[in-house]
Amino acid sequence: MSESTPTTMKDIAEKFGVSVATVSRALNGNQRISASTRTAIQTYAQEHNFYPNVLGEQLRHAKVKSTRIIGVIVPQFAHYYFATILSGIEEEASARGYQIVVAQSNEKYEREVAICSNFYKNKVCGVIVSQAKDTVKYDHFQRLIDNGIPIVFYDRICTGINASRVVVDDYMGAFTAVSYLIDTGCHRIAFYGSPMTMEISKNRLNGYKDALLKQRLPIDDSLIRYCDNRTDAEALTPELLKRPDRPDGFFAINDDTAIGILYTAKRMGFRVPEEIGICGFTNGYRAIACDPMLTTVEQRGVRVGEEAANILISQVEGTVPKDKVERRVIRTKLVIRGTTRE
């Protein structure tokens, strides 16, 4: 066994020539194990940095004792925003004596269904979830609720399920960002968004449209594109920038998409922000790692996570009824940097 390999109860059992069950009892101080054996096993475990699998222990005893484990579903680990939400969930849960188990749906409905099934089998006390992009059926969520497991949605909410949710003010974030692009001289602004099956996409598109209407600018449907990642943005943007009536501004649903637009515009010889203004939505680390740095809408993911965990734990502990639907909206903030004019 290498030094980097974690010590397991099986390793300890083999060391002392006893069963794994005996090791478990010794580590838990069971008096049925002799004092000398208990001491030897406990000392060896401490010296070899053994840490018991608390989750496994709780799940094994779930039939007689409800867990204090929260299941969390993330669409993709790679996104900075979801990482900050996870941080907020974990901080709040830990402070209140709960642990989290995190699973990635990878934007796939079937995987999301399987995760919900596993969470139910493993008796989590509640679930915090942001639904996958292609989720249009919600029976898997409803089954959890029907079996007494509360759900709190974050970011991507499910309007077909009567459950609590925590979101940022997507509409106002988009409205403020597009209004700023207009105020700084942009008059043909393209919108890059996610599929309209998601409420966040609808709300940001509505904010974009209302900002144009308020300034008496026309809504050109040919400038509204469904594109929510850097790769697609780099493939799509040249077509728009080669048009004689090209856009002079872009509002993107996330920072990665906005950075794809920025990279493409610069590669094609356009000056940013003098000729093209660009605004994203997230305010992650990448927003300050590009040149020029990205103007973007800050989503405050840690706060979203904290609020989601707070609602769920309150429902689990009974201070808030499980059937009471809590709706919390976190305000956004426009962070102005180098991809827009002043």
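Residues numbered from 1 in each chain as written. Predicted model: local features only at pLDDT ≥ 70, side-chain atom pairs only at ≥ 80, totals over all residues. Heavy atoms only, no water.

Peer 1: I tried to follow helix α8 (residues 170-183) on my own but got confused; where do I start?
Peer 2: For an α-helix the count is 3.6 residues per turn, leaving residues at separations of three or four pointing the same way. Along its 14 residues, α8 runs 20 Å from first to last C-alpha, staying within 8% of the 20 Å computed at 1.5 Å per residue. Taking burial as the measure, the 14 residues of α8 include 10 buried ones, the bulk of the element. Those residues of α8 that fall on the buried side of the exposure criterion are Asp170, Gly173, Ala174, Phe175, Ala177, Val178, Ser179, Tyr180, Leu181 and Ile182. Gly185, located one to two residues past α8, shows a positive phi value of around 110°. (Helix = DSSP H or I, 4+ residues; strand = E, 2+ residues; numbered from the N terminus. Expected span 1.5 Å × (residues − 1). Buried < 20%, exposed > 50% of the residue type's maximum accessible area, 1.4 Å probe, protein only.)

Peer 1: How should I be thinking about the pairing of strand β10 (residues 295-298) in this particular structure?
Peer 2: Both faces of the sheet carry side chains from a regular strand, because those side chains alternate between them. Here strand β9 (residues 277-282) runs beside β10; their pairing, made up of four bridges, is parallel. Across the sheet, residue Cys279 finds its bridge partner in β10, namely Thr295. Pairing geometry for β10 and strand β12 (residues 333-335), over three bridges, is antiparallel. Across the sheet, the residue bridging to Thr296 is Val335, located in β12. (Pairing = 2+ DSSP bridges.)

Peer 1: So what exactly am I meant to see when it comes to the sheet that holds β12 here?
Peer 2: In a beta sheet, neighbouring strands pair by backbone hydrogen bonds and run either parallel or antiparallel. If you walk across this open sheet you meet the six strands as β7-β6-β8-β9-β10-β12, and the pairing is mixed. Each of the sheet's edge strands pairs with one partner strand only, and the pair in question is β7 (224-226) and β12. With direction set aside, neighbouring strand axes in the sheet form an average angle of 20°. Sheet analysis places strand β8 (residues 249-252) next to β9, joined by three bridges and oriented parallel. Bridge pairing in β9 places Gly249 opposite Gly277. (Axes fitted to C-alpha atoms, helices over the stretch in contact; angles between N-to-C directions.)

Peer 1: Would you mind going over the environment of Ile89 with me for this structure?
Peer 2: Within the secondary structure, Ile89 is located in helix α5 (residues 80-95). Once the C-alpha coordinates of Ile89 and Lys214 are considered, the two residues, 125 residues apart in sequence, prove to be 38 Å apart.

Peer 1: Please clarify how the pattern of salt bridges should be interpreted in this entry.
Peer 2: Where side chains of opposite charge bring their charged atoms close, a pairing between them can arise. A complete count under the given rule lists 20 salt bridges for this structure. One salt bridge in this structure joins Glu317 and Arg96, with 3.6 Å as the shortest N-O distance. Note that Glu317 is positioned in helix α12 (residues 301-317) and Arg96 in the loop between α5 and β2 (99-104), a separation of 221 residues in sequence. Classification of Arg96 as partly exposed rests on a relative accessible area of 24%. Between Asp220 and Arg243 there is a salt bridge, and its shortest N-O distance comes to 3.9 Å. Of this pair, Asp220 sits in the loop between α9 (199-214) and β7 while Arg243 sits in the loop between α10 (230-241) and β8; the two residues are 23 residues apart in sequence, bridging distant segments of the chain. Here Asp220 falls in the partly exposed class, since its relative accessible area comes to 22%. Three or more residues are tied together by salt bridges with common partners; here these are Arg303, Glu307, Lys324, Glu326 and Arg328. (Salt bridge = Lys/Arg side-chain N within 4 Å of Asp/Glu carboxyl O.)

Peer 1: I'm lost on unusual backbone geometry in this one. Help?
Peer 2: Pro273 follows Val272 through a cis peptide bond whose omega is 15°. Inspection of the secondary structure puts Pro273 in the loop between α11 (255-267) and β9. In the Ramachandran plot, Asn106 falls in the positive-phi region, its phi being about 55° despite a non-glycine side chain. Of note, Asn106 is situated in the loop between β2 and α6 (109-121).

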